[in-house]
Amino acid sequence: MRQKSNLKLETQIQNCLSYHDTSAAYVLAEDLRRLLREDEKENDLTEEEKISYKNFLVRLQLQSLPLFSEEEIAEFFRKNFLKMVNDPDINLYDRFKAKQIAMPYEFAEDFLLQIIEAIHRNEETIGKERIFISGNPEPQVPTVANWLLDYDRNFGTEPQKDLTWLEYVNSGANASRLNAKDKKVLRKLLKFYEYLKPEYIE
């Protein structure tokens, strides 16, 4: 019975993502979050199912991003930014802009700053080797947070031209040790980071 139920859920998720159904994605994301919370108590899911459902959850949350609260979206960015920005079928910029359009203008800048703060606390990693952060004597784990810390210490938090972050990726000492795939991920991170910055950041 459980296998049939799970198979039905997976089919619904696949169809929802294929048709970019935002409302259905929101409902399924909530169902999936509830299922994963219940499993923490009952332990009915296999490890493979847990990994699969957590990946599905990230994709559903991305598809239905405009329907979540600002606080929930910030938490998504803190935990799963790289998974969202690397999704092969769902455009993070489109989903994020849809949320911005639906938001009152006076709250827009605060929302951007909230997301910037969230990715500055993101512990996902880019690359395997530790990185040297300006002002820190010891190399650090290559988390999103640490990459952004090094980037900020080198260039400040004000908006930068494309040439700046591209040069950081292409010629920077830390980035030079990344493989091509990880450099691409770092480019996506910094491009979106610059996109988030309001015109003025203190």
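Residues numbered from 1 in each chain as written. Predicted model: local features only at pLDDT ≥ 70, side-chain atom pairs only at ≥ 80, totals over all residues. Heavy atoms only, no water.

> Describe the packing of aromatic side chains, listing the residues and the values that go with them.
What the rule picks out here adds up to 17 aromatic pairs. Summarising the aromatic geometry, the rings of Phe96 and Phe111 are spaced 5.2 Å apart at their centres and angled 15° between planes, so their arrangement reads as stacked. Taken together, the positions of Phe96 in helix α5 (residues 92-101) and Phe111 in helix α6 (residues 105-119) put the pair 15 residues apart, joining distant regions of the chain. On the basis of relative accessibility, which here comes to 2%, the residue Phe111 falls in the buried class. Every member of this aromatic cluster is reached through a ring pair, and the members are Phe77, Phe81, Tyr93, Phe96, Phe111, Phe192 and Tyr195. (Phe/Tyr/Trp six-rings, centres within 6.5 Å; stacked < 30°, edge-to-face > 60°. Helix = DSSP H or I, 4+ residues; strand = E, 2+ residues; numbered from the N terminus. Buried < 20%, exposed > 50% of the residue type's maximum accessible area, 1.4 Å probe, protein only.)

> Can you lay out the nonpolar core for me, pointing to particular residues and giving the numbers?
Leu60, Phe77, Phe81, Phe96, Ile126 and Leu186 are the most contacted members of the largest nonpolar core, which has 56 residues in total. Apart from the residues within four sequence positions on either side, Phe77 is in contact with Met84, Leu92, Phe96, Ile115, Ala118, Ile119, Asn122 and Phe192. (Core = buried A, V, L, I, M, F, W, Y, C linked by side-chain atoms within 4.5 Å. Contact = heavy atoms within 4.5 Å.)

> Before we move on, can you summarise the layout of surface pockets with the specific residues and values?
Volume-wise, the largest pocket comes out at about 410 Å³. If you list the elements that add at least two residues to the lining of the largest pocket, you get α2 (22-42), α3 (47-63) and α4 (70-85). With six residues, α4 is the largest single contributor of residues to the lining of the largest pocket. Of the residues that constitute the lining of the largest pocket, the class distribution is four nonpolar, two polar and eleven charged. (1 Å grid on protein atoms, 1.4 Å probe; cavity = no way out; pocket = protein on both sides within 12 Å on 5 of 7 lines; lining within 4 Å. Points joined across faces, edges and corners; volume = space filled by probe spheres on them. Nonpolar A, V, L, I, M, F, W, Y, C, P; charged D, E, K, R; others polar.)

> A description of unusual backbone geometry should follow, citing residues and the corresponding values.
Its identity is not glycine, yet His20 carries a phi of approximately 50°, on the positive side. Structurally, the position occupied by His20 is in the loop between α1 (2-18) and α2.

> Run through the packing of α4 against α5, naming residues and quoting values.
At a minimum axis separation of 13 Å, α4 and α5 run at an interaxial angle of 170°. Here α4 lies roughly antiparallel to α5, going by the angle between them. Judged by residue contacts, Glu70, Ile73, Phe77, Phe81, Met84 and Val85 of α4 engage Leu92, Phe96 and Lys99 from α5. (Axes fitted to C-alpha atoms, helices over the stretch in contact; angles between N-to-C directions. Parallel < 35°, antiparallel > 145°, perpendicular 65-115°, else oblique.)

> Go over the side chain of Lys50 with me, naming the residues and quoting the values.
Mapping Lys50 onto the fold places it in helix α3. Not counting chain neighbours up to four residues away, the residues in contact with Lys50 comprise Asp39, Asn43 and Leu45.

> Lay out the pattern of salt bridges in plain terms, naming residues and giving numbers.
Under the counting rule described, the total for this entry stands at eleven salt bridges. Glu47 is the partner of Lys50 in a salt bridge, and the nearest nitrogen-oxygen pair spans 3.3 Å. In this pair, Lys50 and Glu47 are both assigned in helix α3, three residues apart and thus about one turn of the helix distant. Look at Lys50 and you get buried, because its relative accessible area is 16%. Its relative accessible area of 53% is what places Glu47 among the exposed residues. We note a salt bridge from Glu75 to Arg78, for which the minimum N-O separation is 2.7 Å. Of the two residues, Glu75 and Arg78 are both situated in helix α4; the distance of three residues between them amounts to about one turn of the helix. Judged by relative accessible area, which is 24%, Arg78 ranks as partly exposed. When salt bridges that share partners are traced, they join Glu30, Arg33 and Glu72 into one network. (Salt bridge = Lys/Arg side-chain N within 4 Å of Asp/Glu carboxyl O.)

> Describe the packing of α5 against α6, with residues and values.
Each pair of packed helices gets described by two things: the angle between the helix axes and the distance between those axes. At a closest axis distance of 11 Å, the pairing of α5 and α6 adopts a crossing angle of 145°. Considering only the axes of α5 and α6, their crossing is right-handed. Along the contact surface, α5 presents Phe96, Lys99 and Gln100, while α6 presents Phe111, Leu112 and Ile115. Among the residues making up the contact of α5 with α6, the classes are represented as four nonpolar, one polar and one charged. (Left-handed = near helix turned anticlockwise from the far one by under 90°.)

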